[in-house]
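Residue strings, one per chain:
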Amino acid sequence: MLQGLLTVAPSCAACGLDFHAEEVGDGPAAFVILILGALIVFAAALVELKAAPPLWVHLVLWPPLALLGTILLQRSLKAWLIAMQYRHHLLDAGQPR
């Protein structure tokens, strides 16, 4: 469904379904910000309260984790939102069935 890192493929490699009209906009990014942001802030606060490490530990630990989590979540949420659009016929709402 995805070609490269976050680009939607023109069509499905298995069945040939056209993904031309599939557009999820900023939906996946909003979900990633809310989900991953909450998890990382909670984890960073927990580490700070339990271990109280120096600031450099936080700077080394959380940005790479946030970047990796963003890439992984963005891909899955983008694919999931496209699948939900297809499943619920949201793109062909203006056309008769």
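The structure presented is a predicted model; accordingly, all values stated were derived computationally and were not measured.

About the criteria used
Chains are numbered independently. Their residues run from 1 in the order of the written sequence. Local features in this predicted model are restricted to residues of pLDDT 70 or higher, and side-chain atom pairs are both shown and tallied only at a pLDDT of 80 or more, whereas totals for entire chains, interfaces and linings draw on every residue. Excluded from the side-chain calculation are hydrogens and water; included are all heavy atoms of the structure. The way it works is that DSSP assigns letters per residue, a run of H or I at least four long becomes a helix, a run of E at least two long becomes a strand, and they are numbered from the N terminus. Only C-alpha atoms enter the radius of gyration; for comparison, a globular chain is expected to reach 2.2 Å times N to the power 0.38, where N is the number of residues. Each residue's exposure class comes from its accessible area (1.4 Å probe, protein chains only) as a fraction of the maximum for that residue type: buried when under 20%, exposed when over 50%, partly exposed otherwise. The contact criterion used is simple: two residues touch if any of their non-hydrogen atoms lie within 4.5 Å. Residues scored as positive are Lys and Arg, those scored as negative are Asp and Glu, and His as well as the terminal groups of each chain are ignored. By convention, charge coordinates are those of NZ in Lys, CZ in Arg, CG in Asp, or CD in Glu. Here a patch means residues that are over 30% exposed by relative accessible area and free of salt bridges, tied together within 9 Å if like-charged and within 5 Å if nonpolar (Val, Leu, Ile, Met, Phe, Trp, Tyr). Surface exposure here means Shrake-Rupley accessible area, sampled with a 1.4 Å probe, where a residue is shielded only by the protein chains that are shown. What makes a salt bridge here is a side-chain nitrogen of Lys or Arg within 4 Å of a carboxyl oxygen of Asp or Glu, nothing more. Buried Ala, Val, Leu, Ile, Met, Phe, Trp, Tyr and Cys residues that are joined via side-chain atoms within 4.5 Å together make up what is termed a nonpolar core.

Novice: Could you clarify how one ought to interpret the overall build of the chain in this entry?
Specialist: Along its length, the chain carries two helices and two strands. Its helices and strands in sequence order give the chain the pattern β-β-α-α, from N to C terminus. Over its C-alpha atoms the chain spans a radius of gyration of 18 Å, topping by over 25% the 13 Å that the globule rule assigns to 97 residues. Dimensions of the chain, computed from C-alpha atoms along their principal axes, come out at roughly 60 × 25 × 15 Å. For the chain, the residues scored as buried account for 21% of the 97 residues in total. Considering only intrachain contacts with a sequence separation of at least 6, the fraction spanning at least 24 residues in the chain is 59%. In the chain, the 5 positive side-chain charges and the 6 negative ones have mean positions that sit 9 Å from each other.

Novice: Is there a simple way to think about the side chain of Lys 78 in this case?
Specialist: Mapped onto the secondary structure, Lys 78 falls in helix α2 (residues 55-87). Among all residues touching Lys 78, those that are not within four sequence positions of it are Leu 2, Leu 6, Val 8, Val 24 and Pro 28.

Novice: Hey, could you run me through a nonpolar patch on the surface in this one?
Specialist: On the surface, Phe 31, Leu 34, Ile 35, Leu 39 and Trp 80 cluster together to form a nonpolar patch covering roughly 520 Å² of accessible area. Position of Ile 35 among the secondary structure elements: in helix α1 (residues 27-51). Classification of Ile 35 by relative accessible area gives partly exposed; the value is 38%.

Novice: Explain the nonpolar core here, please?
Specialist: For soluble globular proteins, the rule of thumb is that nonpolar side chains tend to be buried together. Judged by nonpolar contacts, Val 32, Leu 36, Ile 40, Ala 44, Trp 62 and Leu 77 together constitute the single largest core of six residues. Looking at this core, the elements with two or more residues in it are α1 and α2. At four residues, α1 tops the list of elements feeding residues into this core. Excluding its chain neighbours within four sequence positions, the residues that come into contact with Val 32 are Gly 37, Thr 70, Leu 73, Gln 74 and Leu 77.

Novice: Quick question: what am I supposed to make of the environment of Pro 28 here?
Specialist: In this fold, Pro 28 is placed in helix α1. Judged by relative accessible area, which is 1%, Pro 28 ranks as buried. Measuring from C-alpha to C-alpha, the distance between Pro 28 and Ile 40 comes to 17 Å, with 12 residues separating the pair along the chain. Residues in contact with Pro 28, not counting those within four places in the same chain, are Gln 74, Leu 77, Lys 78 and Leu 81.

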